[in-house]
Amino acid sequence: MFDATCAECGAETKVPFEPRGDRPVYCDKCYREKRPQRGGGGGGYGDRQMFDAVCATCGEATQVPFEPRGDRPVYCREHFKRGE
Ligand SMILES: [Zn+2]
Ligand SMILES: [Zn+2]
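Residues numbered from 1 in each chain as written. Chains lettered and ligands numbered in written order. Predicted model: local features only at pLDDT ≥ 70, side-chain atom pairs only at ≥ 80, totals over all residues. Heavy atoms only, no water.

Re the coordination of the zinc ion (ligand 2)
Using the following cut-off: Metal coordination here is assigned from N, O and S atoms located within 2.8 Å of the ion, or within 3.2 Å for Na, K and Ca; omission of water means that sites may look incomplete. Any site counts as irregular unless it has four donors with all angles between 85 and 135 degrees, making it tetrahedral, or four or six donors with opposite ones more than 155 degrees apart and the rest between 65 and 115, making it square planar or octahedral. By definition, any uninterrupted DSSP run of H or I lasting at least four residues is a helix, any uninterrupted run of E lasting at least two residues is a strand, and each is numbered from the N terminus. Using a 1.4 Å probe on the protein chains alone, a residue whose accessible area is under 20% of its type maximum counts as buried, one over 50% counts as exposed, and one in between counts as partly exposed.
Looking at the zinc ion (ligand 2), the protein donor atoms are C55 (SG), C58 (SG), C76 (SG) and H79 (ND1), and they sit 1.8 to 2.4 Å from it. Around the zinc ion (ligand 2), the four donor atoms sit at angles spanning 101 to 118 degrees, and that spread fits a shape best called tetrahedral. Written as a sequence motif, the donor residues of the zinc ion (ligand 2) are C-x2-C-x17-C-x2-H. Highlighted residues: C58 in the loop between β3 (51-54) and β4 (61-64) and H79 in helix α2 (residues 77-82), separated in sequence by 21 residues. Classification of C58 as partly exposed rests on a relative accessible area of 36%. With a relative accessible area of 11%, H79 lands in the buried category.

Printed below as a string of structure tokens:
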């Protein structure tokens with residue numbers, strides 16, 4: 001591990017690579033705060049946008065994480081799992 005100084009709060013920290021000054025180095029705390037959040041924290045899907053869609057197999061209303069454009073079929077969870 002190499003000694004480094006956090007570019008955010010100035011705290012002494014250690015990093016697994018040699019700091020060369022070509023990119024900022026952060027302490028554990030600041031690194032965690034800067035990293036994009038992924039679902040954690042009990043907030044469900046966070047700010048991930050869901051779009052209304054209709055299953056191409058059973059016609060049931062569902063939600064998908066991308067905007068359905070009609071150039072490919074969209075499936076509900078049940079049929080998506082089955083690969084239909
Ligand atoms: Zn810091
Ligand atoms: Zn379906």
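Remarks on the pairing of strand β2 (residues 12-15)
For clarity, the cut-off: Strand pairing requires that DSSP identify at least two bridges connecting the strands.
Residues T13 and V15 line the buried face of β2, whereas the alternating positions E12 and K14 sit on a face that is not buried. Of the pairings in the sheet, the one linking strand β1 (residues 2-5) to β2 comprises four bridges and is antiparallel in character. In the strand pairing of β2, T5 is matched with E12.

Some words on the packing of aromatic side chains
Condition: Any two rings among Phe, Tyr and Trp, with Trp reduced to its six-membered ring, count as a pair given centres within 6.5 Å; such a pair is stacked if its planes are under 30 degrees apart, edge-to-face if over 60, and tilted if neither. Think of it as a cone above the ring: NZ of Lys or CZ of Arg counts as a charge over the ring if it is within 6 Å of the ring centre and within 35 degrees of the ring normal.
For the coordinates displayed, the defined rule picks out zero aromatic pairs. Above the plane of the ring of F17 lies R23, whose end atom (NZ or CZ) is 4.6 Å from the centre. The ring of F66 is capped by R72, whose NZ or CZ atom sits 4.7 Å from the centre of that ring.

Section: the coordination of the zinc ion (ligand 1)
Around the zinc ion (ligand 1), the protein contributes the donor atoms C6 (SG), C9 (SG), C27 (SG) and C30 (SG), at 2.3 Å from the metal centre. Geometry at the zinc ion (ligand 1) is tetrahedral, judged from its four donor atoms and the angles of 105 to 113 degrees they form at the metal. Going along the chain, you hit the donors of the zinc ion (ligand 1) in the pattern C-x2-C-x17-C-x2-C. In this pair, C6 sits in the loop between β1 and β2 while C30 sits in helix α1 (residues 28-34), placing the two residues 24 residues apart along the sequence.

Considerations on the pattern of salt bridges
Quick note on the threshold: When a carboxyl oxygen of Asp or Glu is within 4 Å of a side-chain nitrogen of Lys or Arg, the pair counts as a salt bridge.
All chains considered together, the criterion is met by three salt bridges. Between K29 and E33 there is a salt bridge, with its nearest N and O atoms 3.9 Å apart. Linking K29 with E33, this pair stays in helix α1, spanning four residues, or about one helical turn. For the pair K29 and E33, a shared accessibility class is recorded, and that class is exposed.

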